[in-house]
Amino acid sequence: SIVLYGATPLGRDFAPRLMIPLNTGLTADAIDLGYDEDGVFYQTTPAYGGKILARIVILEKRPQMATVHPKMWAPLDPNPEAKGEIVKETVNVSADDAYVVVSCLPDENAEVNLAECETIVSGGRGLKSQDDLALLEELAGLVNGEISSSRPLVDNGWLPHSRQIGQSGATVTPKLMFNIGVSGSVQYVLGMQKAGCIVAVNTTPDAPIYDYAHYGVVADYRKFIPALIEELKARKA
Ligand code: FAD
């Protein structure tokens, strides 16, 4: 009745290909799944650039399909009582159906796997210049972290896409995450809301990022981050 795919490059490629022969629909990048009061399965996804959250239900077609961001939910504990019949299917793929891998090259920009990082220092459009990334790097160095960013900095070419957090970037679950000059758009928050401890530094007191932050600092990062760096250095010494 329900088929879920990872919203990964493979899942995003595979799911729409199955949608056509199955003659059903597909919700892309679901951020929430559940059953409504009538027991109907729904999938929630951002629409109109994140201005609304659309709740999609599929009443007539089966299976109901969605791609879902990796790490959106913590896995359930194994249930040793669960029983089920394992059906093994054999699929024969002919050479005509396959594609040929001509060569595999490492992605030179993908020097970091943010999903594995325990501490992340992330910068947003509030950063006044590319040079200010050095401040974030210095802070990250002191807390054994990596730097990341929201999409505008990647669009500007300041950082490679492998450093982008969010719906069209990485989903991360670090123990500690700094968000500096990031407003907290739906698309960004999707990628980091499960972080253990979230710190937000922003000049706008009602920026949405504070709704997710455990520690909110209303300040210009150009004053706050150097002060924090100085304090961390003093404590390390
Ligand atoms: P802004 O929203 O411009 O926020 C900048 C913040 O900096 C403001 O809150 C401001 O108060 C603060 N600021 C300014 N000056 C200072 C200062 N001196 N000190 C401290 N704070 C300061 N975005 C992503 O990030 N990741 C995605 O994966 C992603 N995918 C998208 C997919 C789609 C289909 C669409 C339509 C959009 C997507 N976006 C994504 C873009 C997203 O909608 C936002 O535009 C983006 O996240 C905004 O980034 P930001 O918070 O850095 O910038």
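A brief report on the enclosed structure follows. Because the structure is predicted, anything quoted here is derived from the model rather than measured.

## Concerning the sheet that holds strand 3 (residues 32-35)
- Across the sheet, 3 strands lie side by side as 3-4-5; this open sheet has antiparallel pairing. With one partner strand each, in any of the chains shown, strand 3 and strand 5 (52-57) form the two edges of the open sheet. With strand direction ignored, the average angle separating the axes of adjacent strands in the sheet is 30 degrees.
- Note: strand 4 (residues 41-47) against strand 5, 6 bridges, orientation antiparallel. Each bridged residue has a counterpart across the sheet, and for A47 the counterpart in strand 5 is I52.

## Points about the layout of surface pockets
- Empty space within the largest pocket amounts to approximately 470 Å³.
- P9, P70, G169, A170 and T171 are, among the 21 residues lining the largest pocket, the residues nearest its centre.
- Taken together, the residues of the lining of the largest pocket sort by class into 8 nonpolar, 10 polar and 3 charged.
- Residue lining of the second largest pocket: 19 residues in total, with S150, R151, P152, S185 and Y188 positioned closest to the centre.
- Looking at the lining of the second largest pocket, the elements that each hand over two or more residues are helix 3 (151-155) and helix 4 (186-189).
- No other element matches the 3 residues that helix 3 contributes to the lining of the second largest pocket.

## Looking at the pairing of strand 8 (residues 146-149)
- The sheet contact formed by strand 7 (residues 119-123) and strand 8 spans 4 bridges and is parallel. Within strand 8, the position partnered with I120 by the bridge is E146.
- For the crossover that starts at strand 7, traverses helix 2 (residues 133-142) and ends in the parallel strand 8, the hand is right-handed.

## Things to note about the site of the ligand
- Surveying the vicinity of the ligand reveals 27 residues, the closest of which are S150, S168, S183, N202 and T204.
- G169 places a main-chain nitrogen or oxygen 3.5 Å from an oxygen atom of the ligand.
- One of the side-chain nitrogen or oxygen atoms of T204 is found 2.6 Å away from an oxygen atom of the ligand.
- When atom positions are compared with the pocket grids, the ligand is found to occupy the second largest pocket.
- At the level of secondary structure, the elements contributing two or more residues to the shell around the ligand comprise helix 3, helix 4 and strand 10 (197-202).
- Here the residues of the shell around the ligand sort into 7 nonpolar, 16 polar and 4 charged.

## Let's talk about the packing of helix 2 against helix 5 (residues 221-236)
- Viewed as axis vectors pointing N to C, helix 2 and helix 5 meet at an angle of 30 degrees, and their least axial separation amounts to 10 Å. What the angle tells us is that helix 2 and helix 5 run roughly parallel. The crossing of helix 2 and helix 5 is left-handed. Together, L135, E138, L139 and L142 of helix 2 and Y221, I225, P226, L228, I229, L232, K233 and K236 of helix 5 make up the contact between the two elements.
- Partitioned by chemical class, the residues of the contact of helix 2 with helix 5 number 9 nonpolar, no polar and 3 charged.

Reading the values: the criteria
Residues numbered from 1 in each chain as written. Predicted model: local features only at pLDDT ≥ 70, side-chain atom pairs only at ≥ 80, totals over all residues. Heavy atoms only, no water. Pairing = 2+ DSSP bridges. Helix = DSSP H or I, 4+ residues; strand = E, 2+ residues; numbered from the N terminus. Axes fitted to C-alpha atoms, helices over the stretch in contact; angles between N-to-C directions. 1 Å grid on protein atoms, 1.4 Å probe; cavity = no way out; pocket = protein on both sides within 12 Å on 5 of 7 lines; lining within 4 Å. Points joined across faces, edges and corners; volume = space filled by probe spheres on them. Nonpolar A, V, L, I, M, F, W, Y, C, P; charged D, E, K, R; others polar. Right-handed = clockwise from strand over helix to strand, strands pointing away. Near = heavy atom within 4 Å. Polar contact = N/O pair within 3.5 Å; in protein donor to acceptor, adjacent residues only side chain to side chain. Sits in = over half its atoms within 2 Å of the grid points. Parallel < 35°, antiparallel > 145°, perpendicular 65-115°, else oblique. Left-handed = near helix turned anticlockwise from the far one by under 90°. Contact = heavy atoms within 4.5 Å.

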